Amino acid sequence: MAVKVAILGTGNIGTDLLIKIKRKSRLLEVGLFAGVDPASEGIARAGEMGIPTSTRSIDAVLEDQEIRIVFDATSASAHLRHAPLLRGAGKVAVDLTPAAVGPYVVPAVDPELKNVLEPNINMVTCGGQATIPMVFAVARTAPVAYAETVTTIPSRSAGPGTRANIDEFTVTTAKGAQVIGGAKRAKAIIILNPADPPILNRHTIYTVLEEEPDREAVTASVMDMVNTVRGYVPGYRLKHPPVFDGKKVTVMVEVEGAGDFLPKYAGNLDIMTCAALAAGEAIARKMGEGRTQGGGRA
Amino acid sequence: MSQKRRIRVIDTTLRDGSHSMSHRYRASDIGQVAAALERAGLDTIEVSHGDGLGGSSIQYGEGLLTDQESLRAAKEVLAHTKLAVLLLPGIGVKEDLEMARREGARVARIATHVTEADISAQHMALAKQAGMEVIGFLMMAHMEAPAKVLEQAKLMESYGADVVYVVDSAGAMLPDDVRRKVALLREGLTVEVGFHAHNNLGLAIGNTLAAIEEGAAVVDGCLAGLGAGAGNTPTEVLAAVLDRLGYETGIDLWKVMDAAEDVLRPLMPRPQVIDKAALSLGYAGVYSSFMLHTHRAAERLGLDPRDILVELGRRRVVGGQEDMIVDVALELTQKAVAKGDL
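Residues numbered from 1 in each chain as written. Chains lettered and ligands numbered in written order. Predicted model: local features only at pLDDT ≥ 70, side-chain atom pairs only at ≥ 80, totals over all residues.

## Thoughts on the sheet that holds strand β6 (residues 163-167) of chain B
Residues and elements named next belong to chain B.
- Pairing is parallel around the closed barrel formed by eight strands, whose spatial order is β1-β2-β3-β4-β5-β6-β7-β8. Averaged over all adjacent pairs, the angle separating strand axes in this sheet is 25°, with direction ignored.
- The pairing of strand β2 (residues 44-46) with strand β3 (residues 82-87) spans three bridges and is parallel. Counted as the bridge partner of I45 is L83 from β3.
- Lying on the sheet, helix α5 (residues 121-129) is in contact with β3, β4 (107-113) and β5 (133-139); it crosses β4 at an angle near 175°. (Pairing = 2+ DSSP bridges. Helix = DSSP H or I, 4+ residues; strand = E, 2+ residues; numbered from the N terminus. Axes fitted to C-alpha atoms, helices over the stretch in contact; angles between N-to-C directions. Contact = placed C-beta atoms within 7 Å.)

## Some words on the sheet that holds strand β2 (residues 28-34) of chain A
All names here are of chain A.
- An order of β3-β2-β1-β4-β5-β6 is seen for the six strands of this open sheet, with the pairing classed as parallel. Each having just a single partner strand, β3 (53-54) and β6 (120-122) make up the two edges of the open sheet.
- For strand β5 (residues 92-95) and β6, the ladder comprises three bridges, and the chain directions are parallel. In the sheet register, D95 faces β6, and the bridge partner there is N122.
- Strands β1 (3-8), β2, β4 (69-72), β5 and β6 of the sheet are contacted by helix α9 (residues 267-286), whose axis makes an angle of about 165° with β4.

## Topic: the domain arrangement of chain B
All names here are of chain B.
- Each assigned domain of chain B is listed with its residue range as follows: domain 1 (8-266) and domain 2 (276-341).
- Look at where the C-alpha atoms of domain 1 and domain 2 centre, and you get two points 26 Å apart.
- Contacts between domain 1 and domain 2 engage 23 residues on the former and 16 residues on the latter.
- Taken together, the residues of the side of domain 1 that touches domain 2 break down into eleven nonpolar, eleven polar and one charged. (Domains from an automatic or database assignment. Nonpolar A, V, L, I, M, F, W, Y, C, P; charged D, E, K, R; others polar.)

## Considering the pairing of β1 of chain A
Residues and elements named next belong to chain A.
- In terms of burial, β1 is largely enclosed, as five of its six residues are buried.
- As judged from the six bridges shared by β1 and β2, these two strands associate in the parallel manner. The residue bridging V3 from the neighbouring strand is L28, located in β2.
- With helix α1 (residues 12-24) bridging β1 and its parallel neighbour β2, the resulting β-α-β unit is right-handed.
- Inspection of the sheet shows β1 paired to β4 by four bridges, in the parallel sense. Paired with L8 across the strands is D72, a residue of β4. (Buried ≥ 20, exposed ≤ 12 C-beta atoms within 10 Å, placed from the backbone. Right-handed = clockwise from strand over helix to strand, strands pointing away.)

In structure tokens, the structure reads:
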């Protein structure tokens, strides 16, 4: 039996996640799509899809006893209010905002959430979801002294939230590269490119190892990790094989969106909803339901 | 233009010039240059990594000094000249700006790509709150039409900018383009308009004059033109030209000439000229600080820097995307190999 989930936030991210769950997941079932705005296009679309909707946001979610996992795609400030309420109601929160109440989760690094005990997980940032697996892939071969990630986002897919909180994006991404990626120090850079037609979302990941890297081992580890990410983000691609220069390794990836609801160039948003879905399914598996159903579409 | 108008010249030898130094200024270099600029009567000087606070990185080049060390070295010798810093949201963060304020910076220049002004709101608010003068920098202004530049300038004005700059980061603007954009901003803004040139097409002084004639009140220069690509408007040359034209700058011409000749030139690793790569930047419309990174990639892969730069221009790459240089260089190499195989 599928686990019942709710999606909070009826904007682009919430809608894309709704469509992904409906199309791809046998482990999860959207029991409620909730926001605050009655005029929201997302609410109307969900209603047409036959999904229960509400404009009473968190209250409606709390009232529904059957809902066990809640994807929060609202805002950091809203999630700070939602988090204790959800915890009190015994629901697990998958936080897609930068609030970072719970620990960071990057599914490629910990697919079954073995290291997570809290009922609230945070999906870092889109840059983090794309770059941290590469930092981790290098760091599992040998210690990484420093990681630097450069994320370029097509302007049209950088929403007002990202724009108004650009510092949080860089700080959170860098922190994730340390905590989850395993780099001792890290820096993150974000660039918006307004080219039309839009460029694809791309990421460059520099790592500096403590010793000269074992090139074959690093390349194999990176290739393997790219495949792991592709398991839940089909549009994730390595642009060139890793480039070696002394102790420095450069990896470049790009992310093409699945085009479920958001346009294909919005790979930065797609990777967030893909990662949230993968994490939600891992939680469902942990809950011991749908054990024989297999994962979502691999 | 007959009456004497005051023009504020901001010298950015210790920020834009940092690109040409591959971000390797020593504290003693900064102290000497800053002291020479103070003696020459400069109103404001900018000190930061070439890519702004927090710019020290693999992507843009590691600074020999931290931003804090650089600011201290400058502040120590300044009495009247104001200290400015540059910050690009997405690269530098609020903590960097707070540090700069503590170290004595009084002017915050917040730079975004010409279409992305709304990512400057957070940092402009913070700088304002800290009592700093705020200058908005609309980079790569050659890429958009005048109306778009005005729209974005108005956003910066609404966030509290005291001056908004048209920034010709690629040194790609022609005088008429400078005139149209500066004139429109003059008309549409209540705050002052500034202009920052690069000399990739040999137009730095000419474009700066065009901007001044259209009403720009604040303009940038660097001693001996030191700066990314073919460099910026040479401060000492600009001072001489403005003096001849009867503008008031407050700069002591002899002293600024001495600063360029006796203090800065001995520190320069190479002469600041319009070589083929620099000219390619201006012609293709590529961010000037890409030049030295492109030279390195071209050398490593046996390519012509011009081919890389022209391709980057075709892809409409923006400031900060230095990682695209290696990406494009690798693709060009693959193409060359494939051709050889045929």
